[in-house]
Amino acid sequence: MYTLFLRFLRPNCLLFLLISTVSSNPPEDPIKCVTKDTDCTITNSYGTFPDRSICHAANVAYPTTEDELIAVVANATMAKRKIKVATRFSHSSPKLVCPDGRDGLLISTKYLNYIIDTDVKSMTMTVESGVTLRQIINEAARSGLALPYGPYWWGLTIGGLISTGAHGSTLWGKGSSVHDYIVRLTMVSPGQPEDGYVKIRNLDEKNNNELNAAKVSLGVLGVISKVTLKLQPMFKRSITYATKSDMDLGDEALSFGRLYEFGDITWYPAQHRAIFRADNRVSSNTSGNGLYSFIPFRATPSFALALVRVAEESEESLRNSEAKCVSAELTTATFLKTAYGLTNNGIIFTGYPVIGYQNRLQSSGTCLDSIEDALITACPWDPRITGVYFHQTTFTIGLSKVKSFIQEVQELVKLEPKALCVIEQYNGILMRYVKASSAYLGKQEDAIDFDLTYYRSKDPMTPRLHEDILEEIEQMAVFKYGGLPHWAKNRNAAFDGAIKKYKNADKFIKIKQMYDPNGLFSSEWTDQVLGLKGGLAIVKEGCALEGLCICSEDIHCAPKKGYLCRPGKVYKNARVCSRVTRA
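All of these numbers come straight from a predicted model, not from anything done at the bench.

Draft legend 1. Spatial organisation of the packing of aromatic side chains. Going through the model one piece at a time under the given rule, you end up with 25 aromatic pairs. For the ring pair Phe294 and Phe297, a centre distance of 4.9 Å and an interplane angle of 80 degrees mean the geometry is edge-to-face. One exposure class covers both Phe294 and Phe297, and it is buried. Where Phe390 meets Tyr426, the ring centres are 6.3 Å apart and the plane angle is 70 degrees; that geometry is what we call edge-to-face.

Right under this line is the structure:
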């Protein structure tokens, strides 16, 4: 999951990270219970859902086999209990894992984590749903195989990442979405009394309609038990980062994805430049043993993270845009100098191109390599320490509209030159290529995925510096340009009404009703997202500050702090929380 970006306000903090060789503290289980497995709460790996609610469940089950999983679903169905599926690291920002009320059941796939079979002849791998992306990559490599595309963060489970449509970057072949490389999938859903209250469905290309629904299911069809993936022979890649002015980015973005199989772009709008990752497949005979260990995904000294956060909060309170821009430029320069964590031999970076095997270059996340060290080090977003605390806004815009969108963002930069330094401190805007998918809730056309990460206040009633500019970009992307939300990385505002953009949404809903007619795997929140129970807009004081609504009145912002609801500067139909200086 590439978008968990750490921003380093001081170069010495980044230096601590670069020279650190210690292993980080293992992340906590997102499920916590008062007693062993009862009276539980669940959150995500960041410790907070977008609306800051606390999600409860009566108890949690940790099945270790498919038979145990089937029994758990059958018993819960017979008792008509709400059910939600949780993964080991819980990296989805929204409330996909929250059952309604306090009487629901959580099913964790933590121990459904075995590689069942790797078939070299057919180039397929069958795994349980709790297996991580890292396990898949490593096990495939042992057999001379490779998963061709995938997210850049390896701490995702296969069940979680396909359910939310996680992807890498390509317009080649079937595209970069992992779910489009599924050849078989087993789903355990509620059943009727004559079924023993449980239904096991083995899906493949023979039942395409159901498979296309199950590929990106948002967890509302049941529990994924097993997944079979189509792999490819192991290969090498050659990577070179190149810096360019963003003057012609609108045109270059359209052609770049066709030229490079794994290419992506990191855009720094306030710095008027973009970093193009020229990344193609090369012969396995090509010399090189490169390794990718993205710097913000490494173990980080907790005291350095605390210094970063304190500095960031000071800049916010003083409204110091200049300091944010200076630190953003230092961060970008350091990442470029260190090749974003690429090394030519696993130790040092000596120059481009960096050439290495697919399993060593496609994904990283060494902060999960865990020993207990009393939180001296941790993953940067670990909620147990004073570390980064952020929002994420991620949307996908069709290629035909990308140029116009980029140009309008550039117009905003001209009006507010320093505003987007707030995202450049979190490594800018990541632009990844995605292809139209057969999944009903997958990508609807060939497109570019824009990923923005930015500061979040611990106080939900405190506005952010340049909040209005980021809100305008979000609304421009989602409403003017019809952008699709990333199912695992957005605030409520991006999901409201989004289901209408999926041409096969009705087919998904029909299969949902067939699989789970009583909605046991659904919640009020998922029903709202799917358009079954109204919209997600929540009208209350400060709702716009957290993205729970789009402001229509001043009270939706922070009027006592000078933030009022105003039209956008470029996209005039936007309604954003702007700081208004009164005479």
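Draft legend 2. Quick peek at the state of the cysteines. This model, assessed by the stated rule, comprises seven disulfides. The disulfide that involves Cys55 links it to Cys98, with 2.0 Å between the sulfurs. Here the S-S torsion is close to 85 degrees, and the disulfide linking Cys55 with Cys98 is therefore right-handed. Taken together, the residues span a long stretch of sequence, with Cys55 in strand E3 (residues 55-61) and Cys98 in the loop between strand E4 (83-86) and strand E5 (105-108) at a distance of 43 residues. Disulfide pairing is shown between Cys543 and Cys549; the S-S distance is 1.9 Å. Every disulfide takes its handedness from the sign of the S-S torsion; for Cys543 and Cys549 that torsion is 65 degrees, giving right-handed. Comparing Cys543 with Cys549 shows no difference in burial state: the two are buried.

Draft legend 3. Up close: the side chain of Thr300. With respect to the secondary-structure elements, Thr300 resides in strand E17 (residues 300-301). One polar contact links the side chain of Thr300 to the main-chain carbonyl oxygen of Arg298, over a distance of 3.0 Å.

Draft legend 4. Main features of the sheet that holds strand E19 (residues 354-357). In space, the eight strands of this open sheet follow the order E19-E13-E15-E14-E22-E23-E21-E24, with antiparallel pairing throughout. The sheet is open, and its two borders are formed by E19 and strand E24 (484-485), each paired with just one other strand. In this sheet, strand E15 (residues 273-282) lies alongside strand E14 (residues 264-268) in antiparallel orientation, the contact comprising five bridges. Note that in E15 the partner of Asp264 across the bridge is Arg277. Contacts from helix H12 (residues 467-480) reach strand E21 (390-398) and strand E23 (447-455), with the element oriented near 30 degrees to E21.

Conventions we followed
- Residues numbered from 1 in each chain as written.
- Predicted model: local features only at pLDDT ≥ 70, side-chain atom pairs only at ≥ 80, totals over all residues.
- Heavy atoms only, no water.
- Phe/Tyr/Trp six-rings, centres within 6.5 Å; stacked < 30°, edge-to-face > 60°.
- Buried < 20%, exposed > 50% of the residue type's maximum accessible area, 1.4 Å probe, protein only.
- Disulfide = S-S within 2.5 Å.
- Helix = DSSP H or I, 4+ residues; strand = E, 2+ residues; numbered from the N terminus.
- Polar contact = N/O pair within 3.5 Å; in protein donor to acceptor, adjacent residues only side chain to side chain.
- Pairing = 2+ DSSP bridges.
- Contact = heavy atoms within 4.5 Å.
- Axes fitted to C-alpha atoms, helices over the stretch in contact; angles between N-to-C directions.

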